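Here are the chains, one letter per residue:
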Amino acid sequence: MFDISPVSHEFDEEIQHKIDNKTKPLGALGELENLAMQLARVLGKDKPEIIKPKLLIFAADHGIAASGVSIAPSDVTTQMVMNFIKGGAAINVFCRQVGFELEVIDCGILQPLEGVEGIIEQRLGAGTKPIHQQAAMTLGAVKQGFEMARNRIEYHHQQGTNLIALGEMGIGNTSSAAAIMASIMNIKGSECVGRGTGIDAATLKRKQLLVEQALHLHQPELTSPMNILACLGGFEIVQMTGAMLAAAERKMLVVVDGFIATAAAMVAVQINENVRDYMIFGHQSDERGHCLMMEYLQARPLLTLSMRLGEGTGAALALPIIQAAAGFYNEMASFSDAGIEI
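Starting from 1, residues in each chain are numbered consecutively following that chain's sequence as written. The predicted origin of the model limits local features to residues at a pLDDT of at least 70 and limits the giving and counting of side-chain atom pairs to 80 or more, whereas totals for whole chains, interfaces and linings rest on all residues. Where side-chain values are given, they derive from all heavy atoms of the structure, hydrogens and water being excluded.

The name that an unreviewed UniProt entry assigns to the chain is Nicotinate-nucleotide--dimethylbenzimidazole phosphoribosyltransferase, with the source organism given as Shewanella benthica KT99. What UniProt records for the chain under Function (unreviewed entry) is the sentence "Catalyzes the synthesis of alpha-ribazole-5'-phosphate from nicotinate mononucleotide (NAMN) and 5,6-dimethylbenzimidazole (DMB)." UniProt positions are given in the numbering used here, feature names are shortened, and annotations may be inferred rather than shown by experiment.

Put into structure tokens, the structure is as follows:
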């Protein structure tokens, strides 16, 4: 489905030698050094550079939202999409600050925004079915979503982009992400369900019960990552998964945002484990379960800021750190360059 090459370790010794011989004590730049190694493996050992970085927000609605798993109704998905288009959301502020070009993709919000400029239409429907009552979507919709995502990534690849970051918007999508996480990790849904938008204790209990109900209902079908997406996923989660795989296929770096994006990353790794080599995890969300996701994927987040907003905000804030890793690797003097004897 996706032909993803694992990153080569052929030049690891040469890359490490270059890092170690910068004008600093060994290992003094900590995680930046590990990140520089990853950048050099993916983008080339001589001068890895971040070119035309893009942040893609995938938006869609979820049928389970009608059962009261969030403090906000599904209408807020559309309202927030319009906020993105107008430039007023946190993600807009951060993207302007760090230099990300932002793109908003309608994967299946309830009401299509016809005639609104600035939205990429890749609709798979008007929201998913409620996962605690029936499958979220058909397997055909999953495949169609992958193809749409692949085409969008190909467009950016042709424009010269070598790094994409992924965010999302969709009332109810933490329920879907928690169900996906529980299915892949084979743990109880209650261990994965968090407070999302800040729900109270009673709503949290309802959300946990509905996720457990979804897992029980679909258990016989949860035999492959594609089926997991069809039964439990969201249209935006499907397209994020496809985008990650397509970007890795094109040897592009993938910056993963928070809880929902990481659920997509988990599915992507199940489909093709080589995609993991291309992933950078922007931050660790304050959403319950994200820490366990990170452990499962053996991921080290660049930031831990107790955020749980989504939208790609953690991924956006990580860009300067990624650029700093490339910057020191490319521009920092070596001991011999600086005439320093040690």
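There's plenty left to go through after this.
Examining the environment of Lys 86
A helix here means a DSSP run of H or I that spans at least four residues, while a strand means a run of E at least two residues long, and both kinds are numbered starting from the N terminus. Tracing the sequence through the fold places Lys 86 in helix α3 (residues 75-86). Once the C-alpha coordinates of Lys 86 and Gly 118 are considered, the two residues, 32 residues apart in sequence, prove to be 9.2 Å apart.

Section: helix α10 (residues 259-271)
Here a helix's expected span is defined as the number of its residues, less one, multiplied by 1.5 Å. Here α10 is 13 residues long and its end C-alpha atoms lie 19 Å apart, about the 18 Å a rise of 1.5 Å per residue gives. Classification of residues uses two cut-offs on accessible area relative to the type maximum, computed with a 1.4 Å probe and protein chains only: under 20% is buried, over 50% is exposed, and between them is partly exposed. α10 sits mainly inside the fold: 11 of its 13 residues count as buried.

As for the packing of aromatic side chains
Ring pairs (aromatic) are described by centroid distance and by the angle formed between their planes. Any two rings among Phe, Tyr and Trp, with Trp reduced to its six-membered ring, count as a pair given centres within 6.5 Å; such a pair is stacked if its planes are under 30 degrees apart, edge-to-face if over 60, and tilted if neither. Under the counting rule described, the total for this entry stands at 1 aromatic pair. Aromatic pair Phe 2 and Phe 146: ring centres 5.8 Å apart, planes at 65°, arrangement edge-to-face. Pair noted here: Phe 2 is in the segment before α1 (12-20) and Phe 146 is in helix α5 (residues 139-158), with a separation of 144 residues, a long-range link. Taking the relative accessible area as the measure of exposure, Phe 2 reaches 8% and is therefore buried. We classify Phe 146 as buried; its relative accessible area is 4%. The criterion for a charge sitting over a ring is simple: Lys NZ or Arg CZ within 6 Å of the ring centre, and within 35 degrees of the ring normal. Above the face of the Phe 11 ring, Lys 45 is positioned so that its terminal group lies 5.1 Å from the ring centre.

Some details on the UniProt feature "active site" (unreviewed entry) in the chain
What UniProt calls "active site" (unreviewed entry) maps, in this numbering, to Glu 311. Throughout this description, a polar contact denotes any pair of N or O atoms lying within 3.5 Å of each other; where both atoms belong to protein, one of them has to be capable of donating a hydrogen while the other can accept it, and for residues adjacent in sequence the pair is counted only when both atoms sit in side chains. Within polar-contact distance, the side chain of Glu 311 engages the backbone nitrogen of Ile 91 at 3.3 Å.

Description of the side chain of Ser 74
You can see Ser 74 is positioned in the loop between β1 (54-60) and α3. Residue contacts for Ser 74: discarding those within four places in its chain leaves Asp 61, His 62, Ala 65, Leu 110 and Ile 171. Whether two residues touch is decided by their heavy atoms; if any such pair falls within 4.5 Å, the residues are in contact.

Let's talk about the pattern of salt bridges
We define a salt bridge as a contact between a side-chain nitrogen of Lys or Arg and a carboxyl oxygen of Asp or Glu at a distance within 4 Å. Overall, the coordinates contain 11 salt bridges when judged by the stated rule. Among the salt bridges present, the one from Arg 300 reaches Glu 31, with a minimum N-O distance of 2.8 Å. Of this pair, Arg 300 sits in the loop between α11 (290-297) and α12 (313-331) while Glu 31 sits in helix α2 (residues 31-43), and the two are 269 residues apart along the sequence. A relative accessible area of 59% places Arg 300 in the exposed class. On the basis of relative accessibility, which here comes to 36%, the residue Glu 31 falls in the partly exposed class. For Asp 46, the salt bridge is made with Lys 45, and the minimal N-O distance between the two is 3.2 Å. Salt bridges linked by common partners bring Glu 14, Lys 45 and Asp 46 together as one network.

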